[in-house]
Amino acid sequence: MDNESADEVIACLGDERRIFHYYRDRYSLGLLGQLARQAGGQLPLNQLRQSSCAGLLQKPRLHQMLASLGKQALSEAFIAGHDHDPQQEAFVLGIARWGGGSYRARRRQQTSRPGCNLVLQLNLSRRHDADYARLGCAPGLFNYRGHPVSGKRNTLAWARIDLDWASDSALIEEIQSDWIRDVAWLAERLQRKLRRGAQLDSPAKLYRLDCSIRTALDYCRQTLATYRPLWDEAMLWAAIGFIRDELGVAQIYYHSEQSGRLLKRITGGLPPRSLYAELPRRFCFKETQEFPEFLLREAQVRKELKSHPDLSLFHFGMDSQLA
């Protein structure tokens, strides 16, 4: 999208959005609620079991919930009544702009077409920041400033989004987390220090930390245990809600590993394949070779499709989930 359109969205919505609560597998309840709404408020279970979203019913949380439903149809009200978890985590969503500029800059910024992306940031809460402060370092230690992270908060993850209003469609370019990767790296280095004879109360002396190895390891273990199991699905569910509910866009596309590598011209290290294979399938995205029209306008995209006729990405449409 162009810079002006992106800036207009940010000006209308504000660069810092709302509190976003998430617990493991919450997206499955959210998708069922959307399906029930799409079906007129009531969703017969036999229809759901025969759809491409039948896998949602395999979640342990859904097993327990549906056991109390019996043979009744699934309703939005029933789902809303079960949408809670005492262990849910709070995040703050922020939005920003990323990309634009010269061709050389675009290669570095990894956008699929000229222009910029909207960025939805999943920022950590003040409760997390109180634990983080014990490390004795500046905010944003595990955020790389060459990435689209917040300048105000510690960013757990982000999603880059390209929009085309004319075709009512959006492309999720990437989902990524510096924080999880770098905290895991720090934990491994601290463990290595201990194996080499360092004491738990010795200074950490890594990553500009001003604390002991014990304090740093406690932070790493707590952070990884809390956020590593859910950051990717929390980020994708937040992005889907932002695109549909805030922007009013119905058709959502998501890169496959191959389409992202080719169209974004990634030549270095590749992101985890699970983010561009397992994750979209868990959310009932369907693999498709029908690319969004706004990408097909680009000569570079058409060139890649000609060279790779089997190239596909993922699609998530309001009108196709029960098919």
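Each remark here, short or long, concerns the structure printed above.
Only a predicted model underlies this, so the values are computations on that prediction, with no experimental measurement involved.

Novice: Please clarify how the overall build of the protein should be interpreted in this entry.
Specialist: Helices and strands together make up the secondary structure of the protein, namely 14 helices and ten strands. For 323 residues, the compact-globule estimate of 2.2 N^0.38 gives 20 Å, and the C-alpha radius of gyration of the protein, at 21 Å, lies within 12% of that figure. With respect to the three principal axes, the spread of C-alpha positions in the protein is 60 × 55 × 40 Å. Burial status across the protein gives 53% buried among its 323 residues. Summarising the internal contacts of the protein: among those between residues at least 6 apart in sequence, 75% fall at separations of at least 24. Accessible surface, the protein as shown: approximately 15100 Å² in total, 48% of it carbon and sulfur.

Novice: It is not clear to me how the packing of aromatic side chains should be interpreted in this structure. Could you clarify?
Specialist: What the rule picks out here adds up to 13 aromatic pairs. Seen from their ring centres, Tyr27 and Phe283 are 4.0 Å apart, and the 15° between their planes marks the pair as stacked. Highlighted residues: Tyr27 in helix 2 (residues 26-38) and Phe283 in the loop between helix 12 (278-282) and strand 9 (286-288), separated in sequence by 256 residues. Taking relative accessible area as the criterion, Tyr27 reaches 0% and is therefore assigned buried. On the accessibility criterion, Phe283 (0% relative accessible area) is buried. Grouping aromatic residues by their ring pairs yields a cluster made of Tyr132, Phe142, Trp179, Trp185, Tyr207 and Tyr219.

Novice: Would you explain the pattern of salt bridges in this entry?
Specialist: Two side chains of opposite charge can pair, provided their charged atoms sit close to one another. For the structure shown, the criterion picks out 25 salt bridges. Between Glu76 and Arg37 there is a salt bridge whose closest N-O contact spans 3.0 Å. With Glu76 in helix 5 (residues 76-81) and Arg37 in helix 2, this residue pair connects regions lying 39 residues apart in the sequence. Between Arg261 and Glu257 there is a salt bridge, with the nearest N and O atoms lying 3.3 Å from each other. Here Arg261 and its partner Glu257 are both found in helix 11 (residues 257-263), four residues apart, which amounts to about one turn of the helix. Classification of Arg261 as partly exposed rests on a relative accessible area of 28%. Salt bridges linked by common partners bring Arg24, Asp232, Glu233 and Arg282 together as one network.

Novice: What am I meant to see in helix 9 (residues 213-227) here?
Specialist: An α-helix turns once every 3.6 residues. As a result, residues three or four positions apart point the same way. For helix 9, which comprises 15 residues, the first-to-last C-alpha distance of 21 Å matches the rise-based estimate of 21 Å (1.5 Å per residue) to within 8%. Those residues of helix 9 that sit buried are Ile213, Ala216, Leu217, Tyr219, Cys220, Thr223, Leu224, Thr226 and Tyr227. If you follow the buried residues of helix 9, they end up packed against strand 4 (89-99), strand 5 (116-124), helix 7 (126-132), strand 6 (155-164), helix 8 (178-195) and helix 10 (231-246).

Novice: What should I look at first to understand the sheet that holds strand 5 in this one?
Specialist: Paired through backbone hydrogen bonds, the strands of a sheet run either parallel or antiparallel to each other. Across the sheet, eight strands lie side by side as 1-4-5-6-7-8-10-9; this open sheet has mixed pairing. What marks the edges here is a single partner per strand, and that holds for strand 1 (16-22) and strand 9. Going across the sheet, the axis of each strand differs from the next one's by a mean of 35°, ignoring polarity. Both strand 6 and strand 7 (residues 169-176) contribute to a ladder of seven bridges, which runs antiparallel. From the neighbouring strand, Leu163 faces strand 7, where its bridge partner is Ala170.

Novice: Before we go on, may I ask you to explain unusual backbone geometry in this structure?
Specialist: Negative phi values dominate among residues other than glycine, just as trans dominates among peptide bonds. The phi dihedral of Asp168 falls on the positive side, at around 55°, and the residue is not glycine. A relative accessible area of 31% means that Asp168 is categorised as partly exposed. In the Ramachandran plot, Tyr207 falls in the positive-phi region, its phi being about 55° despite a non-glycine side chain. With respect to the helices and strands, Tyr207 occurs in the loop between helix 8 and helix 9.

Procedures and definitions
- Residues numbered from 1 in each chain as written.
- Predicted model: local features only at pLDDT ≥ 70, side-chain atom pairs only at ≥ 80, totals over all residues.
- Heavy atoms only, no water.
- Helix = DSSP H or I, 4+ residues; strand = E, 2+ residues; numbered from the N terminus.
- Rg over C-alpha atoms; globule rule 2.2 N^0.38 Å.
- Buried < 20%, exposed > 50% of the residue type's maximum accessible area, 1.4 Å probe, protein only.
- Contact = heavy atoms within 4.5 Å.
- Areas by Shrake-Rupley, 256 points an atom, 1.4 Å probe, with all protein chains shown as cover.
- Phe/Tyr/Trp six-rings, centres within 6.5 Å; stacked < 30°, edge-to-face > 60°.
- Salt bridge = Lys/Arg side-chain N within 4 Å of Asp/Glu carboxyl O.
- Expected span 1.5 Å × (residues − 1).
- Pairing = 2+ DSSP bridges.
- Axes fitted to C-alpha atoms, helices over the stretch in contact; angles between N-to-C directions.

Take it as geometry only, folks, not as evidence of what the structure does.
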